[in-house]
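Residue-level listing of the chains:
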Amino acid sequence: MNLEELKEKARRHELREEWQEAFDLYSAALRGHEEDEAPDITLYNRVGDIQTRLGQINGAVERYEKAIELYLEAELPNNAIAICKKVLRNLPDRSVFFLRMGQIRARQGFLTDARQNFLTFAERQTALGDVEGALNALVEFVELSPDDLEIRESLASQLEVHERKDEAVDQFAEVHRQLVLARDEEGAGKIAEKLEALSPGLVLPSLEDLQAEMAESATEELVLESTSLAGLEMEDWGDEESGAEGVPIDLEEAAETVESHASDSSEGVDLSSLAFEGPEPVE
């Protein structure tokens, strides 16, 4: 039988609730289809559904995960989210699908939804005694949403409680940095006290230090861009010995000139204009 015949026969068994026969036929269709360049994603989803009915939970989860992977490759994230939700309805103990949804939502830019999914996963893992898994998920989230200071500070506190001191210091230090840039002196002061208790003698940057660091970084980017421009091959400018208008070009002199302009522009930078306005309010 060809693929369509297998699928049609499997559907007839499904209608009669003959799950094992339907599973065997769908599985045969899947084996014959796996090498195709454009696999039928719905087959993985369907086989997962039938395996769930048959109680083959691990196999079902494997099929669902494959379907999610293929939907993401096909740039159909909402289809992948739909499968995650279905799994959690039918197999509520599979908390990893909350994490998967959080990762997908973060990739889409929906950070509020992603935040909730990561937190739900962390709460469930903590309830199961998997504190490391919960903390690692929160670390992943703050990397995806670096301006979420509420979660970052909460994570830092949890890392401290669970004796991951160095990581806690790093997270608190980043909270302090962003609060300083936001000119939240009271909030920055509270975090500074926590850091002093965790790491006595740790030198924390002032607003001026951070602004100078940002200005230096901006200047370096300007120099890199100008150097790249000056280093273009002669042929990119026109004739080997002249520019597009026939004017001779000395590339070394051009590079020095561009770098000089970049340096001059950096001296006139208004450092106060480089300060961040602070993180967006947490929804």
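The rules behind each value
- Residues numbered from 1 in each chain as written.
- Predicted model: local features only at pLDDT ≥ 70, side-chain atom pairs only at ≥ 80, totals over all residues.
- Heavy atoms only, no water.
- Axes fitted to C-alpha atoms, helices over the stretch in contact; angles between N-to-C directions.
- Helix = DSSP H or I, 4+ residues; strand = E, 2+ residues; numbered from the N terminus.
- Parallel < 35°, antiparallel > 145°, perpendicular 65-115°, else oblique.
- Left-handed = near helix turned anticlockwise from the far one by under 90°.
- Contact = heavy atoms within 4.5 Å.
- Expected span 1.5 Å × (residues − 1).
- Buried < 20%, exposed > 50% of the residue type's maximum accessible area, 1.4 Å probe, protein only.
- Arc of directions from axis to C-beta.
- Salt bridge = Lys/Arg side-chain N within 4 Å of Asp/Glu carboxyl O.
- Polar contact = N/O pair within 3.5 Å; in protein donor to acceptor, adjacent residues only side chain to side chain.
- Patch = residues over 30% accessible without salt bridge, like charges linked within 9 Å, V, L, I, M, F, W, Y side chains within 5 Å.
- Areas by Shrake-Rupley, 256 points an atom, 1.4 Å probe, with all protein chains shown as cover.
- Lys, Arg positive; Asp, Glu negative; His and termini not counted.
- Charge placed at Lys NZ, Arg CZ, Asp CG, Glu CD.
- Nonpolar A, V, L, I, M, F, W, Y, C, P; charged D, E, K, R; others polar.
- Core = buried A, V, L, I, M, F, W, Y, C linked by side-chain atoms within 4.5 Å.

Enquirer: An account of the packing of helix α4 (residues 57–73) against helix α5 (residues 77–90) is needed here, citing residue identities and associated values.
Expert: It is the contact of α4 with α5, at a shortest axis distance of 7 Å, that shows an interaxial angle of 160°. One way to sum up the angle between α4 and α5 is to call them roughly antiparallel. Of the two possible hands of crossing, α4 and α5 adopt the one that is left-handed. Of α5, the residues touching α4 (which contributes Tyr64, Ala67, Ile68, Tyr71 and Leu72) are Pro77, Asn79, Ala80, Ile83, Cys84, Lys86 and Val87.

Enquirer: Quick rundown of helix α1 (residues 3–15)? Include the residues and the values.
Expert: Between the first and last C-alpha of α1 there are 19 Å, a value that for 13 residues agrees with the 18 Å anticipated at 1.5 Å per step. Of all the positions in α1, only Leu6, Lys7, Ala10, His13 and Glu14 are classed as buried. Buried residues along α1 cover an arc of 120° about the axis, so they all sit on one side. Of the residues flanking the end of α1, it is Glu17, one or two places downstream, whose phi is positive at about 60°.

Enquirer: Any details on the pattern of salt bridges? Residues and values, ideally.
Expert: All chains considered together, the criterion is met by 16 salt bridges. The residue Arg12 makes a salt bridge to Glu8 at a minimum N-O spacing of 3.9 Å. You can see Arg12 and its partner Glu8 sitting in helix α1, 4 residues apart, about one turn around the helix. A salt bridge links Arg16 to Glu18, with the shortest nitrogen-to-oxygen separation between them at 3.3 Å. A residue is classified by how much of its surface remains accessible, and Arg16, at 48% relative accessible area, is partly exposed. Classification of Glu18 by relative accessible area gives partly exposed; the value is 27%.

Enquirer: Explain the environment of Arg46 residue by residue, including any values.
Expert: When you line up the elements, Arg46 lands in helix α3 (residues 41–54). Distance in space between the C-alpha atoms of Arg46 and Ala22 is 9.9 Å, their sequence separation being 24 residues. For Arg46, the residues in contact, after removing those within four places along its chain, are Glu14 and Tyr26. A polar side-chain atom of Arg46 sits 2.8 Å from a polar atom in the side chain of Asp49.

Enquirer: Could you give me a rundown of a negative patch on the surface, with the residues and numbers involved?
Expert: A surface patch of like charges, here negative, comprises Glu208, Asp209, Glu213, Glu216, Glu220, Glu221 and Glu225. Looking at the element boundaries, Glu213 is found in helix α12 (residues 207–230).

Enquirer: Would you mind going over the packing of helix α9 (residues 149–161) against helix α10 (residues 165–181) in detail, with residue names and values included?
Expert: In contact at an axis separation of 8 Å, α9 and α10 are set at 155° when each is read in the N-to-C sense. Judged by the angle between their axes, α9 and α10 are roughly antiparallel. In the crossing of α9 with α10, the sense of the turn from one axis to the other is left-handed. Here α9 contributes Leu149, Arg152, Glu153, Leu155, Ala156, Ser157, Leu159 and Glu160 to the contact with α10, which in turn contributes Lys165, Glu167, Ala168, Gln171, Phe172, Glu174, Val175, Gln178 and Leu179. Taken together, the residues of the contact of α9 with α10 sort by class into 8 nonpolar, 3 polar and 6 charged.

Enquirer: Give a description of unusual backbone geometry that names residues and reports values.
Expert: The phi dihedral of Glu163 is positive, around 60°, even though this residue is not glycine. Looking at the secondary structure, you find Glu163 in the loop between α9 and α10. Note on Glu163: relative accessible area 74%, which makes it exposed. Although it is not a glycine, Arg183 sits at a positive phi angle of roughly 60°. Within the element layout of this structure, Arg183 appears in the loop between α10 and α11 (185–198). Given a relative accessible area of 46%, Arg183 falls into the partly exposed group.

Enquirer: Which residues make up the nonpolar core, and what values go with them?
Expert: Membership of the largest hydrophobic core comes to 65 residues, with the highest contact counts inside it found for Tyr26, Ile68, Ile83, Phe97, Ile104 and Leu155. If one sorts the elements of this core by residue count, α4 sits on top with 8 residues. For Phe97, the residues in contact, after removing those within four places along its chain, are Val61, Glu65, Ile68, Cys84, Val87 and Leu88.

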